[in-house]
Amino acid sequence: MGRALVLLLIVLAAGPARASQDPVASSDDLSIQALLQAVETAISTSDRARWLALLSATADRDQALEFFDAVVPQGVTRVVIRERDRQPLEGTLPGLGYRLLVEVFVETGPRGRIATWRLDIRRPRGTEGEDQPWLVSGQDRLSAVEGLHRLELHPEKQFAARNLEIASVDFTLRLPSGDVFFAETPEGVTALVLVGDGTLTFAPTPAEEKGQVRMFSGSDTLDTPFTAAFVRLSPWEFDRRLDPRALEPAAFDPRAARRARAIFDEDVGKSYSLDLNDLSRDTWSLLPQPGDFVAEVRTRRHDVLTYARSSSEAEDVSLFQRARRKNISVYASEQKLASRGRFYNEDDLAEYDVLDYQIETTFHPDREWIDGRARLRMRVKSYVIGALTLKLAETLVVTSVASDQFGRLMFLRVRNQNSVVVNLPSPVGRDFELTLHVTYQGRLPRQGIDQESAAVEAQQDRWVGPDIPVVAPESYWLFSNRQQWYPQSGVTDFATATLRLTVPSEYGVVGSGVPVSGTPVVVTQTAGGQPMQTLWMFQAAQPVRYLSAIVSRMSPVDASTVALDVVPPTPPRKGEPGVPAVGMRNTMQIEIAAVRRQEGRARDVFMTAAELVRFYAAIVGDVPYDALGIAMVEDKLPGGHSPGYAVMLNNPPPVTPFTWRNDPATFASFPEFFIAHEIAHQWWGQAVGWKNYHEQWLSEGFAQYFAALYARERRGESAFRDMLRQFRRTATDFAGQGPVYLGYRLGHIKSESRVFRALVYNKGAAVLHMLRRLVGDDAFFRGIRRFYAENRFRKAGTDDLQRAMEAESHRPLERFFQRWIYEDTLPRVRYQAGVEGQEVVVRFEQIGDVFDVPVTVSLNYGDRVAEEVVVLSDAVVESRLPLAGPLRGIEINADHGALGAFDRK
């Protein structure tokens, strides 16, 4: 499993190199390959004389021998050398000298090493056009990856288990009896295969994780039988994790050994392994570090369960179901919490910060194929770093990595991960700036936006009748944050960017950034002058969390510059720090493009979009980006996606067999919901990001509530209350599925995306509404502006929102957020209401945990209804409200503004 990977990278001596820009002379290929094969032979035979015979007359022979002795270990069994780069050698005539960059893989039995060398090669002067051999005039070691192991089960070593236990944090494997096989390294045992009937026990500590395990297995603790297990552990911890008295040497059983080997071969490449591409077809592994642990367990009931403890992760404990790709449990151990605290920002774990991206990509829709070049300018954050890990979709093949500072760099693919490890020729320290150039290509399947689309009702996911003429949606391609379509940081990373995307001429593009003047540009055309490909360019001068592009057969529909009503920040109160100044833009460029069937709808959406931008900018006091591009595309389900500078709206075709009327994100009285929600993401989710997946409600809940505010503005109080009613209903229906703080994992185990939208979207929005009524409108909207201003183009957490709201309301809010965001229960309230003289007396009693709940008391006078908000902050609260006439009735929470159960005594 990817979370458990820890790379051991040892960097050797440094030397400069430059990436090649000249085409390689094909006539030299065979003779240079012959030289490299001769070098392979010299290394594989450890023959110093063979190496000396490959040196030119100008080479420093003593230095060359010192190099050879240092890089050739004892006991070499196999050598592979691959040329990665070639450029003319300075000081030589054309065709007489090259500087080569080569990767060298050396095996010594079950151990391996990959190194990057620089070889300067020459032909003797005066041999132009002659078939003269190349000779080495200079050499240097640039970098290396050590500690690779080709693991194998011991062919005839077998043990019998006697009440064997292997444990990690909150996890235990028990094997009363069975067979055990080992894979050893010189450092010790690092892999085991257990065969026999045993028991897996997983008992997570956090309450919310107990709830997730309960949904998966029916109990807070998962106890399940297993028939076999593959375990990876640090060889330095073998004696500590296993009691040697539980293992007894056993007679070799070929049948049991064959089964163990089959398990080993299937699982050994799933963690701690590297893809060495053309250097070796074998599986080569790194050793787990102390504290790390992985177990692939074949259970009778749940297929294969993968437990992982990875000390490098912010949440270092996980349980994963491979067959269904389900994260059952992910959390921080008590040891990890002690070191990092309760909250964490994923940016703090990043070893580097990308400052700017320049992406050039050619997309071929017919093959779903891209050819890309990326330039990343970054700054190191770690104290010292010798290697960088980039995220890039595993289906994309990297052909070269180079840097302005170091030239061509060695890189490795990590198996079963969208990761590329780039080795630096020498360690660099904090604040060192580095520019990488990455070339890549490959097939990239379509990205979906399931979580941000309405869900089809299960019983309606079918054709509604044979006579219904179904219209297929126009195809589109979304490149965004669900797939690593360009090399990027391991976490979403605010950076400026330039995007250049070449597509067939019949396609349009909406991307992250302001369209560059003159876009699109014809780059290829037919012999008759007809365009074949066009280049679309976008410039993101304001930082974005990730880059996106939407490609479809779209045409421009409308464009305009919208004037905004931005209010300057509120002056600080005396003795208090003021809200930091924000961008204060007063205009925004809006452009909209649509597929043909959506062009009419797009014109209406354009006017709504302009109104929404003005409305939201007035509330927040800022608009984060200079421009907004809107793409109106077609899909079977309504929904959308909103990266920085852009919005994509899914529109079902004119005739569709599906219905989504009961989805939590469907609001019949508010047809503008999707555009309102997606545009709100430009502020919430994009300009203000979230520190980690737990904080996703700060994006979705805010976008949902801002959409509700616009519903009131556009369609009145009734539409707003309809949304509050749905917020309450769906949050109540799915209340037992976990706290808002679980983020994307809500509904994940049961593959029920409605749970995610009901709680992260709707409950999150309801919490904001209750917070607003708790602190009052003035304090709430001041808090919103403060929260935005303090975190614009940064990542925020619930704790940051709490601080902003406490600063503006002057009241503690710790219990409010604890109950509503970090816990999953809802308040249970009993009440009594009656008239005493000229007052209405309402008495509330909370049963169980005490919440901060603002509740509306509605007094019906016949010709009008008066509403008062009563804040419940104690177990018992009594409120006396003056009468204003003959009373016809009293209702509690008639506006659905409070979550919970309210029952009359």
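These numbers were taken from a predicted model, which means no experiment stands behind them.

Cut-off values and rules
- Residues numbered from 1 in each chain as written.
- Predicted model: local features only at pLDDT ≥ 70, side-chain atom pairs only at ≥ 80, totals over all residues.
- Heavy atoms only, no water.
- Salt bridge = Lys/Arg side-chain N within 4 Å of Asp/Glu carboxyl O.
- Helix = DSSP H or I, 4+ residues; strand = E, 2+ residues; numbered from the N terminus.
- Buried < 20%, exposed > 50% of the residue type's maximum accessible area, 1.4 Å probe, protein only.
- Pairing = 2+ DSSP bridges.
- Axes fitted to C-alpha atoms, helices over the stretch in contact; angles between N-to-C directions.
- Contact = heavy atoms within 4.5 Å.
- Parallel < 35°, antiparallel > 145°, perpendicular 65-115°, else oblique.
- Nonpolar A, V, L, I, M, F, W, Y, C, P; charged D, E, K, R; others polar.
- 1 Å grid on protein atoms, 1.4 Å probe; cavity = no way out; pocket = protein on both sides within 12 Å on 5 of 7 lines; lining within 4 Å.
- Points joined across faces, edges and corners; volume = space filled by probe spheres on them.

Student: Summarise the pattern of salt bridges; cite the residues concerned and give the values.
Tutor: Scanning the entire structure with this criterion turns up 62 salt bridges. Two residues, Glu209 and Arg745, come together in a salt bridge whose shortest N-O distance is 2.6 Å. Placement of the pair is Glu209 in helix α4 (residues 207–217) and Arg745 in the loop between α11 (717–733) and α12 (753–775), with a sequence separation of 536 residues. Each member of the pair, Glu209 as well as Arg745, is classed as buried. Between Arg782 and Glu808 there is a salt bridge whose closest N-O contact spans 2.8 Å. Linking Arg782 in helix α13 (residues 777–791) with Glu808 in helix α14 (residues 798–809), this pair joins segments that are 26 residues apart in sequence. Note on accessibility: Arg782 and Glu808 belong to one class, buried. Through salt bridges with shared partners, one network takes in Arg78, Glu107, Arg150 and Asp282.

Student: Give me the lowdown on the sheet that holds strand β40 (residues 853–860), citing residues and values where you can.
Tutor: Across the sheet, which stays open at both edges, the three strands sit in the order β41-β40-β43 with antiparallel pairing between neighbours. In the strand order of this sheet, the two ends are held by β41 (865–872) and β43 (889–892), each with one partner. Direction aside, the axes of adjacent strands within the sheet are offset by 20° on average. Here β40 runs beside β43; their pairing, made up of four bridges, is antiparallel. Within β43, the residue paired with Asn860 across the bridge is Gly889. Its contacts with the sheet put α12 on β40 and β41, and the angle it makes with β40 is roughly 75°.

Student: Describe the packing of α12 against α13, with residues and values.
Tutor: Remark: α12 packs on α13, axes separated minimally by 6 Å, with the N-to-C direction vectors making an angle of 125°. The orientation of α12 with respect to α13, classified from their angle, is oblique. When α12 is examined against α13, the residues Leu768, Leu771, Arg772 and Val775 are found in contact with a partner set consisting of Asp777, Ala779, Phe780 and Phe781. Here the residues of the contact of α12 with α13 are counted per class, giving six nonpolar, no polar and two charged.

Student: Account for the sheet that holds strand β44 (residues 901–904), with residues named and values stated.
Tutor: Spatially, four strands are ordered β42-β39-β38-β44 in an open sheet, and the strand pairing comes out mixed. In this open sheet, the two edge strands, each paired with only one partner strand, are β42 (876–882) and β44. Neighbour-to-neighbour, the strand axes of this sheet turn through a mean angle of 25°, independent of strand direction. The pairing of strand β39 (residues 839–847) with β42 spans seven bridges and is classified as antiparallel. Considered in β42, the bridge of Phe844 is made with Val877.

Student: Which residues make up the layout of surface pockets, and what are the values?
Tutor: A volume near 500 Å³ is recorded for the second largest pocket. What lines the second largest pocket is a set of 21 residues, and nearest its centre among them are Arg601, Asn651, Pro671, Glu672 and Phe674. If you list the elements that add at least two residues to the lining of the second largest pocket, you get α8 (599–620), β35 (646–651) and α9 (673–680). Among the residues forming the lining of the second largest pocket, the class breakdown is twelve nonpolar, five polar and four charged.

Student: Tell me about the pairing of strand β23 (residues 433–443), and please be specific about residues and values.
Tutor: Across a regular strand the side chains alternate sides, sitting on one face of the sheet and then on the other. Bridge count between strand β17 (residues 369–380) and β23: eleven bridges; the pairing is antiparallel. By the bridge assignment for β23, Ile370 is matched with Gly442. For strand β19 (residues 396–403) and β23, the ladder comprises seven bridges, and the chain directions are antiparallel. If you follow Val398 over to β23, its bridge partner there is Tyr440.

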